[in-house]
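Coordinate inspection notes
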Amino acid sequence: MSLIFRVEALAEIDSTNDALKHRALAGAEEGLVLRADVQTAGRGRRGRSWVSEAGNLYMSILLRPSKSPAEAATLGFVAAIALGRLLRALLTMPVRHKWPNDVLVDGRKISGILLESGGITGGYVDWLVLGIGLNLRHHPAEGLYPTTDLVAAGGPILSPDQAMDLLLAEFRPVYEAWRSGGFAAFRQEWLAHASGLGDTVLARLEREEVTGRFDDIDPDGTLVMGLADGSKRRIAAGDIFVAPR
Ligand code: BTN
């Protein structure tokens, strides 16, 4: 069945992910999209906050695919592919994927994805909330990573609504292909544009830091690192930094 979006645009909200999670739990149908001009408590990965002033895109999409939690987790890579395709069409600068779900323009983070899920029925997640932030007119001061926005990168001036429409148009076909065929159809595209592949990277994990060569990603999106002793280390969650040469 083709995915139909129903968009609700809000002036201000704490977090579009949080609001959409409540709607999911209340039984809202797949395809509901919340977009807010401003978020007062925007959330990023790993408990970080996401600065959400007016001008950029803050949106969340409710999805209900028949997927196990592990399969569902690969949707973040597929959403990053949609963002990458859109940004490549709008910009001349190199657009790369940074593990797990970031998109970099000329080495600077321009977007973030926060994928959350809940409930399990018959082995499948009940709902997925795919939160996307895309810097259009401004970007936060550099913290963990260098950052940029669409205009700073030489792209067009887009309103959040225009950017959302373009992104939803890119996202629909990749979501439908992922829903029927999984991440396998997109893994090579992600790798072809991967930042740091083959380079020495530092992985900052919950309780340790690991340095090794970024060799591959597994079919489930796990990062595969080659260590100095010849062994492989698989990283399921963390932050990756390309070591300076
Ligand atoms: C990251 O840390 O890179 C992920 C950032 C995700 C931000 C988006 S903005 C819309 C949605 N609502 C939130 O509170 N977070 C996500």
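Residues numbered from 1 in each chain as written. Predicted model: local features only at pLDDT ≥ 70, side-chain atom pairs only at ≥ 80, totals over all residues. Heavy atoms only, no water.

Another point: the domain arrangement of the protein chain. When cut into domains, the protein chain gives domain 1 (6-192) and domain 2 (200-242). On a C-alpha basis, the centroid separation for the pair domain 1 and domain 2 is 23 Å. On the side of domain 2, 19 residues touch domain 1, which itself brings 14 residues to the contact. Taking both sides of the interface into account, the surface hidden between domain 1 and domain 2 amounts to around 1300 Å²; carbon and sulfur atoms contribute 56%. When the area that domain 1 buries against domain 2 is broken down by residue, the three leading residues are Arg46, Trp99 and Arg187, summing to 53%. At the boundary of domain 1 with domain 2, the tally comes to five salt bridges. For Arg45, the salt bridge is made with Asp239, and the minimal N-O distance between the two is 3.3 Å. The interface formed by domain 1 and domain 2 includes 10 residue pairs in polar contact (both at pLDDT 80 or more). Ranked by residue count, the leading element in the side of domain 1 that touches domain 2 is helix H5 (residues 184-192), at three residues. When the residues that make up the side of domain 1 that touches domain 2 are grouped by side-chain class, the tally is eight nonpolar, one polar and five charged. (Domains from an automatic or database assignment. Contact = heavy atoms within 4.5 Å. Buried area = accessible area lost by both parts, 1.4 Å probe. Salt bridge = Lys/Arg side-chain N within 4 Å of Asp/Glu carboxyl O. Polar contact = N/O pair within 3.5 Å; in protein donor to acceptor, adjacent residues only side chain to side chain. Helix = DSSP H or I, 4+ residues; strand = E, 2+ residues; numbered from the N terminus. Nonpolar A, V, L, I, M, F, W, Y, C, P; charged D, E, K, R; others polar.)

As defined by bridge partners, strand S10 (residues 223-226) adjoins strand S11 (residues 232-235) across four bridges and the pair is classed as antiparallel. Its bridge partner lying in S11, Val224 is registered against Arg234. In this structure, the hairpin formed by S10 and S11 is closed by a connection of five residues, where Gly230 is found at a positive phi of approximately 90 degrees. (Pairing = 2+ DSSP bridges.)

It is worth spelling out the packing of aromatic side chains at this point. For any pair of aromatic rings, geometry is given as the distance between the ring centres together with the angle between the planes. Following the criterion strictly, the structure yields five aromatic pairs and no others. Taking the centre distance of 5.7 Å and the plane angle of 75 degrees together, the rings of Phe77 and Trp190 count as edge-to-face. Here the residue Phe77 occupies a position in helix H3 (residues 75-90), and Trp190 occupies one in helix H5, the gap between them amounting to 113 residues. Assigned by exposure class, Phe77 and Trp190 land together as buried. Relative to Trp178, the ring of Tyr175 has its centre 5.7 Å away and its plane inclined at 35 degrees; by these criteria the two rings are tilted. Taken together, the residues span about one helical turn, with Tyr175 and Trp178 both in helix H4 (residues 160-181) at a distance of three residues. Here Tyr175 matches Trp178 in class, with each residue buried. Every member of this aromatic cluster is reached through a ring pair, and the members are Phe77, Phe183 and Trp190. Of note, Lys67 hangs over the ring of Trp178, and the distance from its end group to the ring centre comes to 4.8 Å. In this structure, Lys98 packs its charged tip against the face of Phe241, placed 5.8 Å from the ring centre. (Phe/Tyr/Trp six-rings, centres within 6.5 Å; stacked < 30°, edge-to-face > 60°. Buried < 20%, exposed > 50% of the residue type's maximum accessible area, 1.4 Å probe, protein only. Lys NZ or Arg CZ within 6 Å of the ring centre and 35° of its normal.)

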